[in-house]
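# Reading the structure
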Amino acid sequence: MRLTRYFLPVLKENPAEAQIVSHRYMLRAGMIKQQAAGIYSWLPMGFKVLKRLEQIVHEEQIRAGHIPLLMPTLQSADLWRESGRYDAYGPEMLRFKDRHDREMLYGPTNEEMITDIFRSHVESYKSLPLTLYHIQWKFRDEVRPRFGVMRGREFLMKDGYSFDLTKEDALHAYNRHMVSYLRTYERMGLTAIPMRADSGPIGGDNTHEFLVLAKTGESEVFYDAKVPELKLGDRTVDYDNRDEVAAICKEFTTLYARTDETHDEALFNQIPEERRCIGRGIEVGQIFYFGTKYSEPMGATVTTPDGAKVPVEMGSHGIGVSRLIGALIEANHDEKGIIWPEGVTPFHVGLVNLKQGDVATDAACEALYAALKAKGLDPLYDDREERAGAKFATMDLIGLPWRITVGPRGLANGLVELTSRRSGESEEMTPEAAVAKIVEIYAGI
RNA sequence: CGGAGCGUAGCGCAGCCUGGUAGCGCACCUGCUUCGGGAGCAGGGGGUCGGAGGUUCGAAUCCUCUCGCUCCGACCA
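As a starting point, this report considers the structure included with it. What you are looking at is a predicted structure, and each value in this text was computed from that prediction instead of being measured.

## A few points about unusual backbone geometry
Omega for the bond connecting leucine 128 with proline 129 falls within 30 degrees of zero, at 0°, which places this linkage in the cis form. The residue proline 129 is located in the loop between helix 5 (111-121) and strand 7 (130-139) in this model. With phi around 70°, aspartate 101 is a residue other than glycine that occupies positive phi space. Within the fold, aspartate 101 resides in the loop between strand 5 (94-97) and strand 6 (103-106). In this structure, phenylalanine 147 takes a positive phi of about 60° despite not being glycine. Following the sequence through the fold, phenylalanine 147 ends up in the loop between strand 7 and strand 8 (154-164). What makes phenylalanine 147 partly exposed here is its relative accessible area of 32%.

This is the structure we're talking about:
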């Protein structure tokens, strides 16, 4: 993309309403525009990142054997009366009536609807296990939206629902989700730690939240210093192998890691003192086994091999996709702007022409731009009539992980400069070498 | 929902207290010079001062109502 042909309304000054860094940078980098309290338009570059995150989530869910579908944003109140949640859910649920005076709501979650789909079409244990998920906009009428997309009212969420015959099967679905989530976050360049969460009135310990460590996180977290070092890496996982999946879950949940809601001081103090960490975290996902909470009142049953009808065992598993962008920026930025991890960057590389209009630099940039695109890469070419400083500042702000700088000085020796946004280190090389290096960096991402 | 603020040009702000018909910086347009970290000079365009009502000869400014947004707290992915 050529910057002169793109729509990237960057702001030089900080918008007054933005308090935290991710919100400020998203506004300044022209990623979002607020349309009402907690409701945002996604401008092209923000939309690009959002779609990229969606894509990663889809790929990892499908890899785990989960099946995508799409449920509507609007729901009928009737379903929610069946589960009893129409009255239980507070004013955060946006309710309204259509022209026929039917009670409707903008879905804050989809347990009732997926259970309805399930009971309409699944009759036998032979159809299990089944995990259906979608990535859809939700609405929760927060009293006080803030922090940009981190706590908006409208938000994009992946929510998946598992259906199994037995509790053991359902717990395998739970574990499968945990591993798929770990892989998802890792691909995005995030360290998200599964922490035992508050399970509420249902009890048990079968719920975990995934927290990204960040100073601005909303939750206080207590953890063993060894936990953030755990990595899935490039190991392959057979999602149907219960023992293997369970072993990975054990590996990631055995060491102490909890939020303030479930913190246990005595257990925490058993960690060697030098490894006790207290910090803050941003919740970017949660997995939950809840058994027959919805299947029973809503009559979602399956026939067992014995011919009996039993309510199906369920779990729900969510990733806050739009919120993840905020978390990514909170975890990856400096005083100049965003620093995108390679896995989620809106453009692979920024191409800066230091002397627009100069025959030699223009030609070199055009050649580089074409060569990068020919390799299947997505470069952003800053072809504006701007001075060097302005171009660098824009690149630093929008945070592309790599920058190729083309100026008359280097070009006199046939060289361009490749700069890492994260380390700030630059290296001079030929244009061909720069393209090769970028290709190498993105191989396998 | 309790408490506190703020709405003046695309963005950031001043003007309001003490009424006299709107200003600064950035951005934008034109020209010249500049050109490796948000350039300089000159010229130019852009605002029903959130909205409605009231007081007044006269309201961005005072009063009332209303809408929107932000912050602290409680709540929450």
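So that's the structure; there's more coming.
## Observations regarding the protein's contact with RNA strand B
Among the 36 residues in the neighbourhood of RNA strand B, the closest are listed as Arg144, Gly152, Glu283, Asp396 and Glu417. Looking at RNA strand B alone, sugar and phosphate atoms form 42% of those within 4 Å of the protein. Take arginine 323: an N or O atom from its side chain is 3.0 Å from a sugar or linking oxygen of RNA strand B. One of the side-chain nitrogen or oxygen atoms of threonine 394 is found 3.3 Å away from a base nitrogen of RNA strand B. For the surface near RNA strand B, the secondary structure elements donating two or more residues are strand 1 (32-36), helix 12 (388-398) and helix 13 (408-411). With seven residues, the single largest contributor to the surface near RNA strand B is helix 12.

## Notes on the sheet that holds strand 23 (residues 426-429)
A sheet is described by the order of its strands in space; here five strands give the open sequence 20-19-21-22-23, paired in mixed fashion. Each edge of the open sheet carries a strand with a single partner, namely strand 20 (379-382) and strand 23. Geometrically, the sheet is characterised by an average inter-axis angle of 20° between neighbouring strands, direction not taken into account. Bridging between strand 21 (residues 402-406) and strand 22 (residues 416-420) involves four bridges; their strand directions are antiparallel. Looking at the pairing, arginine 403 lines up with threonine 419 of strand 22.

## Notes on the environment of valine 149
Within the fold, valine 149 resides in the loop between strand 7 and strand 8. Between the C-alpha atoms of valine 149 and arginine 409, which are 260 residues apart in sequence, the distance is 42 Å. Other than its neighbours up to four places away in sequence, valine 149 contacts Met26, Ile32, Tyr40, Trp42, Ser322, Arg323 and Gly326.

## Thoughts on the pattern of salt bridges
One pass over the structure, following the stated rule, counts 24 salt bridges. With its nearest N and O atoms 2.9 Å apart, the salt bridge here joins glutamate 60 to arginine 63. Taken as a pair, glutamate 60 and arginine 63 lie in helix 2 (residues 44-63) at a separation of three residues, close to a single helical turn. With a shortest N-O distance of 2.7 Å, aspartate 224 and arginine 275 are connected by a salt bridge. Here aspartate 224, found in strand 11 (residues 219-224), pairs with arginine 275, found in the loop between helix 8 (265-268) and strand 13 (276-291); they are 51 residues apart in sequence, far enough to count as distant. Here arginine 275 falls in the partly exposed class, since its relative accessible area comes to 22%. Among the ionic contacts, a cluster of salt bridges with common partners joins Glu59, Glu60, Arg63, Arg183 and Arg187.

Rules and cut-offs
Residues numbered from 1 in each chain as written. Chains lettered and ligands numbered in written order. Predicted model: local features only at pLDDT ≥ 70, side-chain atom pairs only at ≥ 80, totals over all residues. Heavy atoms only, no water. Helix = DSSP H or I, 4+ residues; strand = E, 2+ residues; numbered from the N terminus. Buried < 20%, exposed > 50% of the residue type's maximum accessible area, 1.4 Å probe, protein only. Near = heavy atom within 4 Å. Polar contact = N/O pair within 3.5 Å; in protein donor to acceptor, adjacent residues only side chain to side chain. Pairing = 2+ DSSP bridges. Axes fitted to C-alpha atoms, helices over the stretch in contact; angles between N-to-C directions. Contact = heavy atoms within 4.5 Å. Salt bridge = Lys/Arg side-chain N within 4 Å of Asp/Glu carboxyl O.

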